[in-house]
Amino acid sequence: SQTIHQWPATLVQPVGSPLSLECTVEGTSNPNLYWYRQAAGRGLQLLFYSVGIGQISSEVPQNLSASRPQDRQFILSSKKLLLSDSGFYLCALSKGVNYGYTFGSGTRLTVV
Amino acid sequence: EDQVTQSPEALRLQEGESSSLNCSYTVSGLRGLFWYRQDPGKGPEFLFTLYSAGEEKEKERLKATLTKKESFLHITAPKPEDSATYLCAVREGSSNTGKLIFGQGTTLQVKP
């Protein structure tokens, strides 16, 4: 069965520091991959999605970027973190437009 | 603009007290409505997918129904372990990326 791994689980970073969150997938190939952010008490906001290697679409203008260097690897990055980047970051995969998501366990990012 | 609204934001029930959660949506051609359960600090866990009005699905004490404008998640005789945030999401018909639009969620607390 397909599984999705995210790390780290928690992260505390100072303002202005870089960020790299990694998401890897097992048990499936060529998935659609997504990065979502969930602010406290709010719903999930789609940040980026990817339908294949090197293909990244951004949903909202922000201080973050994403990359997909391999089929089963999705990376969320920032060169300089802002306080507003704090939140719960979730990676998700879908096998296609007729399937739901499988989510990773999430990364709690606190920018101080 | 595609939109998903969940109500109530929070719900407190006594163990055994049945109730329903609402998910209202506006989307250009529904291509699936999804229900997820999210425990604190964890990624959402898939519950149901509904595709057409009149469709119903059940799992233990949960039953999801769908109309042309909304979906209900009925909880029958809930137990404390049903306490969680329940998320509703829709996929719009023209999407070729599989991305989901999420509501804000309903946080359910079941007291013994």
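In what follows, the structure referred to is the one given above.
What this report covers is the structure whose coordinates are included nearby. (Residues numbered from 1 in each chain as written. Chains lettered and ligands numbered in written order. Predicted model: local features only at pLDDT ≥ 70, side-chain atom pairs only at ≥ 80, totals over all residues. Heavy atoms only, no water.)

### Focus: the state of the cysteines
Residue and element names in this part refer to chain A.
Now for step 1: Per the counting criterion, the structure on display carries 2 disulfides over all chains.
Now for step 2: Each sulfur in the disulfide pair Cys-23 and Cys-91 lies 2.0 Å from the other. Its torsion about the S-S bond being -75°, the disulfide of Cys-23 and Cys-91 is classed as left-handed. Of the two residues, Cys-23 is situated in strand S3 (residues 19-26) and Cys-91 in strand S9 (residues 87-94); the sequence distance between them amounts to 68 residues. Across the pair, exposure class does not vary: Cys-23 and Cys-91 are buried alike. (Disulfide = S-S within 2.5 Å. Helix = DSSP H or I, 4+ residues; strand = E, 2+ residues; numbered from the N terminus. Buried < 20%, exposed > 50% of the residue type's maximum accessible area, 1.4 Å probe, protein only.)

### Concerning the packing of aromatic side chains
Now for step 1: Counted by the stated rule, this structure contains 12 aromatic pairs over all chains.
Now for step 2: A centroid spacing of 6.5 Å and a plane angle of 35° characterise the contact between Tyr-34 of chain A and Tyr-49 of chain A, whose relative ring orientation is tilted. One end of the pair, Tyr-34 of chain A, is in strand S4 (residues 32-38); the other, Tyr-49 of chain A, is in strand S5 (residues 44-52), with 15 residues separating them in the sequence. An identical accessibility class is assigned to Tyr-34 of chain A and Tyr-49 of chain A; each is buried.
Now for step 3: Judged by centre distance (6.0 Å) and plane angle (65°), the ring pair of Phe-103 of chain A and Phe-102 of chain B falls under edge-to-face. Placement of Phe-103 of chain A in strand S10 (residues 102-103) and of Phe-102 of chain B in strand S10 (residues 101-102) is noted, with the two residues assigned to different chains. In this structure, Phe-103 of chain A and Phe-102 of chain B share a single accessibility class: buried. (Phe/Tyr/Trp six-rings, centres within 6.5 Å; stacked < 30°, edge-to-face > 60°.)

### Some remarks on the side chain of Thr-85 of chain B
Now for step 1: Along the chain, Thr-85 of chain B falls in strand S9 (residues 84-92).
Now for step 2: Thr-85 of chain B has contacts with Tyr-36, Arg-37, Gln-38, Gly-105, Thr-106 and Thr-107 of chain B, leaving out every residue within four places of it along the chain. (Contact = heavy atoms within 4.5 Å.)

### Observations concerning the sheet that holds strand S6 (residues 56-59) of chain B
All names here are of chain B.
Now for step 1: As summarised here, the arrangement of the 5 strands in space is S1-S3-S8-S7-S6, forming an open sheet in which the pairing is antiparallel. Since the sheet does not close on itself, it has two edges, and those belong to strand S1 (3-7) and S6, each with one partner. Across this sheet, the average inter-strand angle for adjacent strands is 15°, counted without regard to direction.
Now for step 2: As defined by bridge partners, S6 adjoins strand S7 (residues 62-66) across 4 bridges and the pair is classed as antiparallel. Along S7, the bridge assignment pairs Lys-59 with Leu-62. (Pairing = 2+ DSSP bridges. Axes fitted to C-alpha atoms, helices over the stretch in contact; angles between N-to-C directions.)

### Concerning the sheet that holds S3 of chain A
Strand pairing in a sheet relies on backbone hydrogen bonds, with the paired strands running either antiparallel or parallel.
All names here are of chain A.
Now for step 1: One open sheet accounts for 4 strands, arranged S1-S3-S8-S7; its pairing is antiparallel. Edge positions in the open sheet fall to strand S1 (3-7) and strand S7 (65-70), since each of these has one partner strand only. Taking the axes of each pair of neighbouring strands and ignoring which way they run, one obtains an average angle of 20° across the sheet.
Now for step 2: For S3 and strand S8 (residues 73-78), the ladder comprises 6 bridges, and the chain directions are antiparallel. The partner of Cys-23 across the bridge, within S8, is Phe-74.

### Concerning the pattern of salt bridges
Now for step 1: All chains considered together, the criterion is met by 7 salt bridges over all chains.
Now for step 2: For the salt bridge of Lys-99 of chain B with Glu-59 of chain A, the shortest nitrogen-to-oxygen distance reads 3.0 Å. Highlighted residues: Lys-99 of chain B in the loop between S9 and S10 and Glu-59 of chain A in the loop between strand S6 (55-58) and S7, drawn from two different chains.
Now for step 3: With relative accessibility at 32%, the residue Glu-59 of chain A sits in the partly exposed group. (Salt bridge = Lys/Arg side-chain N within 4 Å of Asp/Glu carboxyl O.)

### Some points on the nonpolar core
Now for step 1: Counting 23 residues, the largest nonpolar core has Leu-33, Trp-35, Leu-73 and Tyr-86 of chain B as the members making the most contacts within it.
Now for step 2: For this core, the elements supplying multiple residues, two or more each, are strand S2 (10-14), strand S3 (19-26), strand S4 (30-38), strand S5 (45-50), S7, strand S8 (70-75), S9 and strand S11 (106-111) of chain B.
Now for step 3: Among the elements that take part in this core, S9 of chain B stands out by supplying 4 residues, more than any other.
Now for step 4: In this structure, Tyr-86 of chain B is in contact with Gln-6, Leu-21, Trp-35, Tyr-36, Arg-37, Leu-47, Leu-62, Leu-73, Gly-105, Thr-106 and Leu-108 of chain B, ignoring residues within four places of it in sequence.
Now for step 5: Counting 20 residues, the second-largest nonpolar core is a separate cluster that includes Ile-4, Phe-48, Cys-91 and Leu-109 of chain A. (Core = buried A, V, L, I, M, F, W, Y, C linked by side-chain atoms within 4.5 Å.)

### So, the pairing of S7 of chain B
Residues and elements named next belong to chain B.
Now for step 1: Counting buried residues in S7 gives 4 out of 5 residues, a clear majority hidden from the surface.
Now for step 2: In textbook terms, the turn of a hairpin is the stretch between consecutive antiparallel strands, and for S6 and S7 this stretch comprises 2 residues, one of which, Glu-60, has a positive phi near 55°.
Now for step 3: In this sheet, S8 lies alongside S7 in antiparallel orientation, the contact comprising 5 bridges. Residue Lys-63 lies in a different strand from S8, and its bridge partner there is His-74.
Now for step 4: In sequence, S7 turns back onto S8 through a hairpin of 3 residues.

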